[in-house]
Amino acid sequence: MEIQLETQPYPSIQADALITYVFDKEDKFDGVLGEIDRAMDGHLHALGESGELTAKPLETVLVHFPAGLAAKRLLIIGAGKPDKFDVGADLRKIAGTAVRFLKPRGAKKIAFLTREGERSAAAAQAVVEGLLAADFESDKYRTEKKSRAIESVALAGFDAGTGTTAAIDHGRVIGESLNFARDLINEPSNKLTPRMLAARAEAMAKEAGLGIEVLDERKIAELKMGALIGVAQGSVEPPRVIVVRYTPANPRPGAPVLGLVGKAVTFDSGGISIKPAANMEKMKYDMGGGATMLGAMRALAALKPSVPVIAVVPATENMPGGRAQKPGDVQVAMSGKTIEVINTDAEGRLILADAVFYARKLGATHLIDAATLTGAIEVALSNVHVGAFGTPREYLDKFLESARAAGEKMWPMPIDDEYEEMIKSNIADIRNTGSGKGGGASTGAWFIKEFVDDTPWVHLDIASTCWVDEGRPWLAKGPTGIAIRSIVDFAMKM
Ligand code: BES
Ligand code: ZN
Ligand code: ZN
């Protein structure tokens with residue numbers, strides 16, 4: 001999808017569709033809409049009077065062959081109440097809705113007209129992110145692909161300054177990185193084993209100019225990553241630990257090092273504590289946390305934060321093979337802590353235990369992990385919010401500010417000391433499930449914290465937000481790419 005700035009007068013922009021938006025209770029059109037209305041001989045105003053232009057959020061009104069405009073169609077999207085309008089989040093949705101509405105209708109060249117209230121660099125970035133995210137297709141394995149594509153988008157209404165071009169580039173990097181991660185999350189597990197994920201990460205790192213090292217099963221054994229090995233031993237596919245590094249050009253001595261750790265279980269059958277058959281196919285997306293971190297690294301390589309960033313992605317299958325670990329087994333993690341495995345389906349926390357410990361060994365002074373960790377987070381927050389845990393509280397709050405800036409919904413969740421009691425084991429240091437008295441997302445988080453120690457740390461449980469079963473006007477069903485934009489924002493401000 002080609003995206004460029006357009007500076008022609010709006011009525012003379014040639015396109016298959018010209019897109020703009022209206023707010024609730026707008027009846028006299030001035031500025032951009034005034035100009036369009038005048039070119040259309042008052043027909044826009046008449047449309048408003050007709051009551052069809054309700055401006056409800058993301059409601060669409062399509063005008064064919066609008067007299068007075070060079071464009072073949074005029075698409076007007078509802079923007080809701082102006083006082084509730086968030087330039088980032090809402091422009092992303094409006095731009096995305098335009099793509100998902102127009103693509104199946106055969107539009108190839110479109111023009112997006114931003115109004116006078118939203119002419120910042122942030123607005124241009126949001127529009128580009130929304131366009132690209134909405135363009136994502138899951139048709140890789142279809143023999144007959146949809147031939148329809150939006151070939152080019154002209155952005156009208158912005159100043160043609162360097163600020164705008166930089167914002168467009170920024171938006172493109174984020175949008176493409178999001179889609180890179182979503183493509184990985186979509187892959188079935190036979191097309192994305194731990195070794196294949198490592199190869200995809202290597203190709204990405206090479207292209208983006210990032211450092212990468214992939215630890216194979218021998219190196220993993222040498223490092224004594226017993227918790228990861230315990231999960232991996234039930235599968236014939238060997239595990240991998242993917243380490244991706246970004247180093248700033250002029251590293252400040254003593255600067256913090258951000259560690260990004262992402263769960264990458266390329267298929268979670270549950271292991272010996274096997275999952276029920278219904279919906280098990282979805283467990284191909286249990287590598288969503290790992291994909292999130294790889295997507296974030298891809299973006300950071302281009303955006304160049306001032307701090308070094310290390311991503312550690314432990315990748316494995318969780319299978320019930322003959323050598324699989326069994327409920328009751330005790331594993332020794334890399335840190336030396338012993339773990340009683342009560343339920344082999346609580347495998348994410350096991351592989352993260354070794355991965356966060358290893359990230360600290362590699363020099364990470366601050367941590368963020370992302371994982372499709374618990375079904376319990378869906379009970380708590382549905383598919384609306386990411387569950388955000390962390391210590392100290394100030395570090396978590398700082399991260400939540402980035403989430404707000406990025407327009408991603410995340411909610412702070414508790415990890416008070418009481419949860420520690422729930423993961424005490426009778427025969428080992430800790431057990432990998434809670435006491436069965438609820439709080440499943442919090443006991444999962446506490447388990448990871450055992451290996452984080454005092455390092456400032458945020459844990460994002462994305463189990464219910466990394467994938468959506470129903471499409472939204474601005475986003476296809478399937479992988480969402482959630483958390484990447486917040487993590488990138490946080491790293492850039494660090
Ligand atoms: N991968 C699952 C969590 C999950 C559930 C992700 C639904 C996406 C959608 C995780 O490994 C798991 O199985 N967790 C168990 C933990 C329990 C056994 C303590 C869970 O949440 O049921
Ligand atoms: Zn599991
Ligand atoms: Zn899992």
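You'll find the structure just up there.
Let us look at the structure shown here. (Residues numbered from 1 in each chain as written. Chains lettered and ligands numbered in written order. Predicted model: local features only at pLDDT ≥ 70, side-chain atom pairs only at ≥ 80, totals over all residues. Heavy atoms only, no water.)

### Things to note about the overall build of the chain
Of the regular secondary structure elements, the chain holds 15 helices and 20 strands. Here the C-alpha atoms of the chain give a radius of gyration of 24 Å, agreeing with the 23 Å that 2.2 N^0.38 yields for 494 residues. Referenced to the eigenvectors of the C-alpha coordinate spread, the extents of the chain come out at roughly 80 × 50 × 45 Å. Evaluated residue by residue, the chain yields a buried proportion of 57% over its 494 residues. (Helix = DSSP H or I, 4+ residues; strand = E, 2+ residues; numbered from the N terminus. Rg over C-alpha atoms; globule rule 2.2 N^0.38 Å. Buried < 20%, exposed > 50% of the residue type's maximum accessible area, 1.4 Å probe, protein only.)

### Describing the packing of helix α1 (residues 31-39) against helix α2 (residues 43-50)
At a minimum axis distance of 6 Å, the contact between α1 and α2 shows a crossing angle of 105°. In terms of orientation, α1 and α2 fall into the roughly perpendicular class. Where α1 approaches α2, its residues Leu 33, Ile 36 and Asp 37 are matched on the opposing element by His 43, Leu 44 and His 45. Of the residues belonging to the contact of α1 with α2, the class tally is three nonpolar, two polar and one charged. (Axes fitted to C-alpha atoms, helices over the stretch in contact; angles between N-to-C directions. Parallel < 35°, antiparallel > 145°, perpendicular 65-115°, else oblique. Contact = heavy atoms within 4.5 Å. Nonpolar A, V, L, I, M, F, W, Y, C, P; charged D, E, K, R; others polar.)

### Topic: the nonpolar core
Membership of the largest hydrophobic core comes to 60 residues, with the highest contact counts inside it found for Leu 260, Leu 294, Ile 368, Met 410, Leu 460 and Ile 487. For this core, the leading source of residues is helix α9 (residues 288-303), giving nine residues. In contact with Leu 260, other than residues within four places in its own chain, are Met 293, Ala 296, Met 297, Leu 300, Val 309, Ile 310, Ala 311, Val 312, Ile 368 and Ile 487. In terms of nonpolar packing, the next biggest core, distinct from the first, is built from 47 residues, Val 241, Val 312, Ile 377 and Ile 448 among them. (Core = buried A, V, L, I, M, F, W, Y, C linked by side-chain atoms within 4.5 Å.)

### A few points about the coordination of the zinc ion (ligand 3)
Taken together, the protein donors to the zinc ion (ligand 3) comprise Lys 263 (NZ), Asp 268 (OD), Asp 286 (OD) and Glu 347 (OE), at separations of 2.0 to 2.4 Å. In this structure, the zinc ion (ligand 3) is coordinated by six donor atoms arranged in octahedral fashion, with angles at the metal of 77 to 173°. For the zinc ion (ligand 3), the single-chain donor residues occur in sequence as K-x4-D-x17-D-x60-E. The metal-metal distance between the zinc ion (ligand 3) and the zinc ion (ligand 2) is 3.2 Å, with Asp 268 coordinating both. With Lys 263 in the loop between β9 (258-262) and β10 (264-268) and Glu 347 in the loop between β13 (338-340) and α10 (348-361), the pair connects residues that are 84 residues apart, well separated along the chain. Each of the two residues, Lys 263 as well as Glu 347, counts as buried. (Donors = N, O, S within 2.8 Å, 3.2 Å for Na, K, Ca; no water. Tetrahedral: all angles 85-135°; square planar, octahedral: opposite > 155°, others 65-115°.)

### Quick word on helix α12 (residues 393-406)
With 14 residues, α12 ought to run about 20 Å at 1.5 Å a step, and its terminal C-alpha atoms sit 20 Å apart, in line with that. Residues Tyr 395, Leu 396, Phe 399, Leu 400, Ser 402, Ala 403 and Ala 406 constitute the buried set of α12. Each buried residue of α12 lies within a common arc of 155° when the element is viewed along its axis, so the set occupies one face. Of the exposed residues in α12, those oriented more than 90 degrees away from the buried face are Glu 394, Arg 404 and Ala 405. The positive-phi residue at the C-terminal boundary of α12 is Gly 407, with phi of around 70°. (Expected span 1.5 Å × (residues − 1). Arc of directions from axis to C-beta.)

### Quick notes on the sheet that holds strand β6 (residues 152-156)
Sheet architecture is open: six strands sit in the order β1-β6-β5-β2-β4-β3, paired in mixed fashion. Here the strands that pair on one side only, and so sit at the sheet edges, are β1 (2-6) and β3 (60-64). This sheet shows a mean twist of 25° between the axes of neighbouring strands, independent of strand direction. Of the strand pairs in this sheet, β1 and β6 are connected by five bridges, and their pairing is parallel. Its bridge partner lying in β6, Leu 5 is registered against Leu 155. Packed onto the sheet, helix α5 (residues 162-186) meets β1 and β6 and runs at close to 160° relative to β1. (Pairing = 2+ DSSP bridges.)

### A closer look at the site of ligand 1
Surrounding ligand 1, one finds 16 residues, the nearest of these being Lys 275, Asp 286, Asp 345, Glu 347 and Gly 375. Thr 372 has a polar backbone atom sitting 3.4 Å from a nitrogen atom of ligand 1. Coverage of ligand 1 by the protein amounts to 77% of the 520 Å² it exposes when considered alone. Here the residues of the shell around ligand 1 sort into four nonpolar, five polar and seven charged. (Near = heavy atom within 4 Å. Polar contact = N/O pair within 3.5 Å; in protein donor to acceptor, adjacent residues only side chain to side chain. Areas by Shrake-Rupley, 256 points an atom, 1.4 Å probe, with all protein chains shown as cover.)

### Notes on the coordination of the zinc ion (ligand 2)
Ideal coordination angles are 109.5 degrees for a metal with four donors arranged tetrahedrally and 90 or 180 degrees for a metal with six donors arranged octahedrally. Asp 268 (OD), Asp 345 (O), Asp 345 (OD) and Glu 347 (OE) make up the full set of protein donors to the zinc ion (ligand 2), lying at 2.0 to 2.2 Å. Coordination geometry of the zinc ion (ligand 2): the six donor atoms subtend angles of 71 to 166° at the metal centre, consistent with an arrangement described as irregular. Counting along the primary sequence, the residues that act as donors to the zinc ion (ligand 2) give the motif D-x76-D-x1-E.

### Examining the sheet that holds strand β17 (residues 430-431)
Strand pairing in a sheet relies on backbone hydrogen bonds. The paired strands run either parallel or antiparallel. Across the sheet, which stays open at both edges, the three strands sit in the order β12-β13-β17 with mixed pairing between neighbours. With one partner strand each, in any of the chains shown, β12 (330-332) and β17 form the two edges of the open sheet. Across three bridges, β12 lies against β13 in antiparallel orientation. The residue of β13 that forms the bridge with Val 332 is Thr 338.

### Details of unusual backbone geometry
A cis amide bond links Thr 391 with the next residue in sequence, Pro 392, at an omega value of -15°. Phi is positive for Asp 41, close to 60°, though the residue is something other than glycine. Structurally, Asp 41 can be placed in the loop between α1 and α2. Classification of Asp 41 by relative accessible area gives exposed; the value is 67%. One non-glycine residue, Ala 483, lies in the positive phi region at around 85°. Tracing the backbone shows Ala 483 in the loop between β20 (478-479) and α15 (484-493).

### Here we look at the environment of Arg 105
Mapped onto the secondary structure, Arg 105 falls in the loop between α3 (87-102) and β5 (109-113). Sequence separation between Arg 105 and Arg 148 is 43 residues; the distance between their C-alpha atoms is 8.5 Å. Leaving out residues up to four positions away in the same chain, Arg 105 has contacts with Leu 62, Arg 73 and Arg 148.

### Observations regarding the pairing of strand β4 (residues 73-78)
The two faces of the sheet receive side chains in turn, since in a regular strand these alternate between them. Counting buried positions along β4 yields six of six residues, so the element is predominantly enclosed. When strand β2 (residues 17-22) meets β4, the two strands line up parallel, connected through five bridges. Bridge assignment links Thr 20 to a residue of β4, and that residue is Ile 76. Across five bridges, the pairing between β3 and β4 is antiparallel. By the bridge assignment for β4, Val 61 is matched with Ile 76.

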